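Commentary on secondary and tertiary structure
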Amino acid sequence: MSDETTTAATTTAAPAAAPGPEPLPHGIGASLPPAECRAKTEGTFPYASDLWAEGLLWAAVLRSPHAHARIVSIDTSHAREMPGVRAVVTHEDVPGDALHGRRTPDRPVFASDVVRHHGEPIAAVAADHPDTARMAAAAVIVEYEVLEPVTDPEKAFEAEPLHPDGNLIRHIPLRHGDPEAAGEIVVEGLYRIGRQDPAPIGAEAGLAVPRPDGGVELYVASTDPHADRDRAAACYGLPPEQVKVVVTGVPGATADREDASFQLPLGLLALRTGCPVKLTATREESFLGHAHRHPTLLRYRHHADAEGRLVKVEAQILLDAGAYADTSSEALAAAVSFACGPYVVPNAFIEGWAVRTNNPPSGHVRGEGAMQVCAAYEAQMDKIAKKLGVDPAELRLRNAMATGDIMPTGQTVTCPAPVAELLAAVRDFPLPGLPKDTPEDEWLLPGGPEGAGEPSAVRRGVGYGLGMVQLLGAEGTDEVSTATVKVHDGVATVICAAVETGQGFTTLARQIVQETLGIDDVRVAPVDTDQPPAGPSCRGRHTWVSGGAVERAAKMVRTQLLQPLAHKFGMSTELLQITDGKITSYDGVLSTTVTEALDGKELWATAQCRPHPTEPLDEAGQGDAFVGMAFCAIRAVVDVDVEIGSVRVVELAVAQDVGRILNPAQLRTRIEAGVTQGVGAALTENLRTPRGIVRHPDLTGYALPTALDTPDIRIVKLVEERDVVAPFGAKAASAVPVVTSPAAIAAAVRAATGRPVNRLPIRPQAAVAAPQ
């Protein structure tokens, strides 16, 4: 039948009945849209920088221009005398603990005698106008005796102590297997990973409001409000119940979103003035104030047999923690534990150190520790493949880890570990076509249409990366979360202090309650510290721990809802099911709606979720330190102009084990975002700090990948093999592609150029073809 005939037949047919409205996404497994998406797109979502209060004052912080200096004197008299200035505070005005820290209290609220990094807070000012506050901060006169900074972490071992606690934060010597084991093939490498900044699109901001009881409320984009409350209360010399942290809208988080150096001065100024005080950081202050990814130096020696199977891995890993400890101990544990990657390694001997320097502080950024070692061990795998003349994917398959294997830490991999399946999926996915050598396709070449290179100088490379990350905290961290589910007038409310940072917890909470209780209208209450703690928003915690708490609370409410009906009909609640808002029995005798069963009653329940315990690594780096792990395989295809060293990532094919898909659209978005962050770490993002001074602390000097830098991201396989110890069986999704994509891109550039590519981000000179 021709197209014309088809059209005529359609035209003369009887009109079809108007289709009804499509059902809204519902419950676990549906692509439920985020509740806040409309407010964000309309510009009505309440971020901290939008907040206002009657009698508002503005804050500004004076920061050190030096990386290392002794403070001789601080003169605040000129600042105090300026019209409009209401308060100036320094270290002398801290009524409580002068030191704070995420794990180790080693960081001063304000520097008192020594400045240890560029941008360290010296004083803070509150004034009636933001410009007045900034001018008053600049009017604080600080006399410094500039000292020689220690910026090379290797020199920190022999340098004079930069801190009363010394320069060494942690040393982990991992010993596993036979130290005398050796392979027929030996490859070595030295690798350097740069300082990646979280670079949040929305800079830090906050509002502090004094309370009538002498306490203070902090309105900030905190990702761990209870920990921030406790640190603030200790600083202010107040009991925790007099300090309340209210979480405002978080404009995305790829690290711990709010640093205490922004929060603590706010509360001090509010308590001193008795007025609300607001601070909105400039982009420069944001770069100077928050923590960055650990720059890392790695030395590796891999032993393999003649077939390419790994025999022994030896490594030295040195993390530059910057001036203070922050989360460096945890990052080092991850780096040492995952130093061999998702491969079977019978013998491993790893030395890991985290040291203080006068560089900006390092801290939690997605995949900390794991990303750095992934780039190194994958480079080593490429060297073995090249030496043996084996396909890089095949070499990796011969060594791939599986469930039941033993990690170098001695821990058995009990979670699903479909590493070989993931790698095979990306290896077998069709390669993208080559760009045509025509003017209209010049934008497809490295450097774009304005690039200086010639199409004839472009070489294509294909590379692979396998990565792994931990789930939840490690080494004995008490991972616990509490949630309450209330039902009243047909509306369910979830109360949980799990902060929505873009990872989708609020959407997941709604889906859990919808599926468990059959109630469509589910709301998630705003987060503050009047609620029980739920812990930090990192490493997929809230999908697992907080989602588990919500599920348990919802099931308790479900029992309360079904118990009267079950009793009336002489059956157990297990014989009743809730589907699409209807309650039915297994035999069809009972059929009613959830609304009718509620009959105006108010039901509620509170529950906790606490995963099985872990243990610290011992003196030989051995121990069951991790609750679970997630894995990813990525194949990168790049085009490199081998004359000028410009790189274009053409495609990244991703396969990932996700446990269970809870929200398909949200999951894919998280994976794509993680891959894009990895592209930045591989090619553009490097916060330069010569002699400890942050250069170009802005989004012009710090190059984030744009839409034009983002390649085609092909999610070729999502393996749903449920982790039986995790609620819903799901795994965290966003960190492991961040870990894996830089290694895959570097491998592809090596394949295109023949050069070793041992530094991230990849510099143009490293992408120029090796001489023949």
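For the structure, check the block above.
On a predicted model such as this, the values are computed, not experimentally measured, just so you know. (Residues numbered from 1 in each chain as written. Predicted model: local features only at pLDDT ≥ 70, side-chain atom pairs only at ≥ 80, totals over all residues. Heavy atoms only, no water.)

**Brief notes about the packing of aromatic side chains**
For clarity, the threshold we go by: Two rings from Phe, Tyr or Trp (for Trp, the six-membered ring) form a pair when their centres are within 6.5 Å of each other. A pair whose planes differ by under 30 degrees is stacked, one over 60 is edge-to-face, and the rest are tilted. Starting at the N terminus, helices and strands are each numbered in turn, a helix being any DSSP run of H or I of at least four residues and a strand any DSSP run of E of at least two. Partly exposed describes any residue whose relative accessible area lies between the buried limit of under 20% and the exposed limit of over 50%, with all areas from a 1.4 Å probe on protein chains only and scaled to the type maximum. Here, a charge over a ring is recorded when the distance from Lys NZ or Arg CZ to the ring centre is within 6 Å and its angle to the ring normal is within 35 degrees.
Evaluated as defined, the whole model comprises 6 aromatic pairs. Ring plane angle 90° and centroid distance 6.1 Å describe the contact between Tyr-343 and Tyr-377, whose orientation is recorded as edge-to-face. With a gap of 34 residues between them, Tyr-343 in the loop between α8 (328-337) and β17 (347-356) and Tyr-377 in helix α9 (residues 370-388) connect regions that are remote in the sequence. Note on accessibility: Tyr-343 and Tyr-377 belong to one class, buried. Directly above the aromatic system of Phe-262 lies the positively charged group of Arg-63, at a separation of 5.2 Å from the ring centroid.

**Notes on the sheet that holds strand β19 (residues 481-488)**
Consider a sheet: its strands pair through backbone hydrogen bonds, and that pairing is either parallel or antiparallel. For the record, the criterion: Paired strands, as defined in this entry, are two strands with at least two bridges between them according to DSSP. Whenever a helix is involved, its axis is fitted only over the stretch in contact; in every case the axis is a line through C-alpha atoms, and angles between N-to-C directions fall within 0 to 180 degrees. The contact rule is simple, with two residues in contact once any of their heavy atoms fall within 4.5 Å.
Here we have 4 strands laid out as an open sheet, ordered β21-β20-β19-β25, and mixed in their pairing. On the outer flanks of this sheet lie β21 (522-524) and β25 (603-609), each paired with one strand and no other. Taken over all neighbouring pairs, the strand axes of this sheet differ in orientation by 20° on average, direction set aside. As paired strands, β19 and β25 are joined by 7 bridges and run antiparallel to one another. Looking across to β25, one finds that Thr-484 is bridged to Thr-606. Helix α12 (residues 505-517) contacts β19, β20 (491-496) and β21 of the sheet and is inclined by roughly 145° relative to β21. Strand contacts of helix α13 (residues 541-569): β19, β20 and β25, with the helix running at about 145° to β25, the strand carrying the most contacts.

**Digging into the packing of helix α15 (residues 664-683) against helix α16 (residues 735-753)**
Put simply, the rule reads: Every angle not falling under 35 degrees, over 145, or within 65 to 115 is termed oblique; those three ranges are roughly parallel, roughly antiparallel and roughly perpendicular. Left-handed describes a crossing in which the near helix is turned anticlockwise from the far one by less than a right angle; the clockwise case is right-handed. The nonpolar class holds Ala, Val, Leu, Ile, Met, Phe, Trp, Tyr, Cys and Pro. Asp, Glu, Lys and Arg form the charged class, and all remaining residues, Gly among them, are polar.
It is at 7 Å that the axes of α15 and α16 come closest, and there the two elements cross at 45°. As summarised for this structure, α15 and α16 are arranged oblique, according to the angle between their axes. Here α15 and α16 pass one another in a crossing that is right-handed. Facing α15, whose interface residues are Ile-671, Gly-674, Val-675, Gln-677, Gly-678, Val-679, Ala-681, Ala-682 and Leu-683, α16 presents Pro-737, Val-738, Ser-741, Pro-742 and Ile-745. A class-by-class count of the residues in the contact of α15 with α16 yields 10 nonpolar, 4 polar and no charged.

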